Amino acid sequence: MKTINVVAAILKKDNKILIAKRGYGEFKGMYEFPGGKIERGEDPEEALKRELWEEMKGGPY
């Protein structure tokens, strides 16, 4: 079985939690927390910063 290492965050502000609804793929219509795959050479903290930047800003870190 293939192992994929991922990171995710729960972002809470003013008693609200950020969650996204997937608009594509196998899990379309389901909800997820922001995050993604850890790339080769990254530690989990670096990967989470990059993933959050990409998801919130819409572009490369």
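Residues numbered from 1 in each chain as written. Predicted model: local features only at pLDDT ≥ 70, side-chain atom pairs only at ≥ 80, totals over all residues. Heavy atoms only, no water.

Caption draft 1: Representation of the overall build of the protein chain. Within the protein chain, the secondary structure is distributed over one helix and six strands. The helix and strand sequence of the protein chain, counted from the amino end, reads β-β-β-β-β-β-α. Taken along its principal axes, the extent of the C-alpha atoms in the protein chain is 35 × 25 × 20 Å. Within the protein chain, counting contacts between residues at least 6 apart in sequence, those at least 24 apart form 38% of the total. Surface summary for the protein chain: the accessible area is close to 5500 Å², and the carbon and sulfur share equals 55%. Where the 12 positive side-chain charges of the protein chain centre and where its 11 negative ones centre are 6 Å apart. (Helix = DSSP H or I, 4+ residues; strand = E, 2+ residues; numbered from the N terminus. Contact = heavy atoms within 4.5 Å. Areas by Shrake-Rupley, 256 points an atom, 1.4 Å probe, with all protein chains shown as cover. Lys, Arg positive; Asp, Glu negative; His and termini not counted. Charge placed at Lys NZ, Arg CZ, Asp CG, Glu CD.)

Caption draft 2: Here's a closer look at the packing of aromatic side chains. Summed over all chains, the structure comprises zero aromatic pairs. Just above the ring of Tyr-24 sits the side chain of Arg-22; from NZ or CZ to the centre is 4.5 Å. (Phe/Tyr/Trp six-rings, centres within 6.5 Å; stacked < 30°, edge-to-face > 60°. Lys NZ or Arg CZ within 6 Å of the ring centre and 35° of its normal.)

Caption draft 3: Structural detail: unusual backbone geometry. Notably, Asp-14 is not glycine yet its phi reads approximately 50°, a positive angle. Mapped onto the fold, Asp-14 is located in the loop between β2 (12–13) and β3 (16–17). Positive phi outside glycine occurs at Asn-15, with the angle close to 65°. By secondary structure assignment, the location of Asn-15 is in the loop between β2 and β3.

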